[in-house]
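The residues making up each chain are set out below.
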Amino acid sequence: MGAMSVLPFLPGIAAFSMAYGTVAARQGFSLADTLVMTGTVYAGLAQMIALENWPREFTAASILVLVAIVALVNLRYLLIGATMRSFFAGEPAHKVYPTLFLLSEPNWLLTLRYQANGGRDPAYLLGGGVAIWIVWVVTAIPGYLAGAAVGDPQRFGLDLVVPAFFAAMLVPLWRGPRRSFGWIAGAAAAVAAQQLLGGFWYLIFGVVAGFLAGAFNDD
Amino acid sequence: MIEKDPLGFLTAIAAMAIVVYLMRAGGYWLIGRVTIGPRLRRMFDALPGAIIAATVAPAMLQGGLRAVLAVGAAAAVMIVLRNDFAAVVAGVAVAAGAFALGM
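Not measured: the values here are computed from a predicted model.

**A look at the packing of helix 3 (residues 31-40) of chain A against helix 1 (residues 6-30) of chain B**
- One can describe the packing of helix 3 of chain A onto helix 1 of chain B by two numbers: an axis separation of 9 Å at closest approach and a directional angle of 20 degrees. What the angle tells us is that helix 3 of chain A and helix 1 of chain B run roughly parallel. Every pair of crossing elements has a handedness; the one defined by helix 3 of chain A and helix 1 of chain B is right-handed. For the pair helix 3 of chain A and helix 1 of chain B, the contacting residues are D33(A), V36(A), M37(A) and T40(A) in the first and F9(B), I13(B) and A17(B) in the second.
- Classifying every residue of the contact of helix 3 of chain A with helix 1 of chain B by side-chain character gives five nonpolar, one polar and one charged.

This is the structure in C-alpha cells:
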C-alpha cells in the first residue's frame, strides 16, 4: 500500500536519478562506483552537490569537506525524522532504525497524510521507501550510460544538467519574496564568496547565510 | 584518480553514507530531548532552497551568458509545465544550442 502511494513521484525520481548518473559518469566514476554511492548515501541533492565538488584526490581534509556538504544539505532530515516519532510510537527500535534509512521526502509526506487520515501501519513508510530506493538506484544506469557515451559535455549541454535541474527545483519552492529570504540571501552570499574567496567556500557561506536569513521568513 | 585510490573512494562514500543516515535517524532519536521553536523551524525550512540557490547562482555567474540562458530556459519551462524532466531537457538543449553558436 505504501509502495503504491509513491507512484506519482516515480517519474520525477527517475529523472533526478538519471541526471545523477550522467554527472557521475562525467566525473569519471565507474558504473559500480556510481551505484554504490547512490544506493548507500541515498540522498539526491547531497549526491549532486558532492559530485559538483568532488575532490581530485582523497585526503582527510577533502573527505571532511564532502561530509560537511552532505551533512549541511541533509540537516533538514533531523526535523523530518523527528516528525515520525508519533507514527512509530510503540514500535521496537530494531524495526524503526532500519526503516529510517529509507526515509525520504516523498514517502515522508505521504506517511504524514496517511497518518492524518487515521493510518497506523508502520510498514507504510517502509513500502514507499523500498519502491523509491529501487527506482532511484536502477534509473541511475541509463543516465550513466548516456553520460559516459558523450565526449565533450559542453557540446551537448551536459555540463549544465545540475544547474538546470536545480533551477527547476527552485520554481515550486518560490512562495513570494517575503517567504524566500533564505535562498535570496543564499544566492547573494554564494556569489560574493565565490568572487572574494573562490574554491568551495561559496557553498558554505551561501548555505549558512540562507539558513540564518530563513529566520526572517514569514510563516 | 578514482581508479588509483579505491580505498579513498570507499572511505569517502562510507563517511557520507553514515552522516546522511545519522541525519535521518538523529532527529527521530533527539526529539523529546530538545525543543525546536518556530524560528529554528523556519531556518530549517529555508535550508533546501538556500542550498540550491547557493549552488546555482555562482554556476550562472561562472558559466556566462550560455549558463544564464540555459538555466533561464529550465526555469521558464518549469513555471509553465511544472515538469522537472522537461525543464532539464529544455535547459540542456539551450546549453547545447548556445555552444553550437560559439557561446
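**A word on the domain arrangement of chain B**
- When its domains are assigned, chain B resolves into domain 1 (1-35) and domain 2 (47-103).
- Look at where the C-alpha atoms of domain 1 of chain B and domain 2 of chain B centre, and you get two points 30 Å apart.

**What to know about the environment of L125(A)**
Residue and element names in this part refer to chain A.
- Inspection of the secondary structure puts L125 in helix 9 (residues 123-138).
- Spatially, the C-alpha atom of L125 lies 16 Å from that of V135, the residues being ten residues apart in sequence.
- In this structure L125 touches G2, T99, N107 and T111, once residues within four positions along its chain are discounted.

**Let's talk about helix 1 of chain B**
All names here are of chain B.
- Helix length check: helix 1 (25 residues) gives 35 Å between terminal C-alpha atoms against 36 Å at 1.5 Å per residue, within 8%.
- When the local axis directions of helix 1 are compared, the greatest deviation, roughly 30 degrees, occurs at R24.
- Of all the residues in helix 1, the buried ones are F9, A12, I13, M16, V19, V20, Y21, M23, R24, A25, G27 and Y28.

**Examining the interface of chain A and chain B**
- Chain A puts 79 residues into the contact, and the matching count from chain B is 63 residues.
- Element by element, the count of residues in the side of chain A that touches chain B is highest for helix 11 (residues 161-173) of chain A, at eleven residues.
- Here the residues of the side of chain A that touches chain B are counted per class, giving 57 nonpolar, 15 polar and seven charged.

Analysis parameters
Residues numbered from 1 in each chain as written. Chains lettered and ligands numbered in written order. Predicted model: local features only at pLDDT ≥ 70, side-chain atom pairs only at ≥ 80, totals over all residues. Axes fitted to C-alpha atoms, helices over the stretch in contact; angles between N-to-C directions. Helix = DSSP H or I, 4+ residues; strand = E, 2+ residues; numbered from the N terminus. Parallel < 35°, antiparallel > 145°, perpendicular 65-115°, else oblique. Left-handed = near helix turned anticlockwise from the far one by under 90°. Contact = placed C-beta atoms within 7 Å. Nonpolar A, V, L, I, M, F, W, Y, C, P; charged D, E, K, R; others polar. Domains from an automatic or database assignment. Expected span 1.5 Å × (residues − 1). Bend = angle between axes of the 7 residues up to and from the residue. Buried ≥ 20, exposed ≤ 12 C-beta atoms within 10 Å, placed from the backbone.

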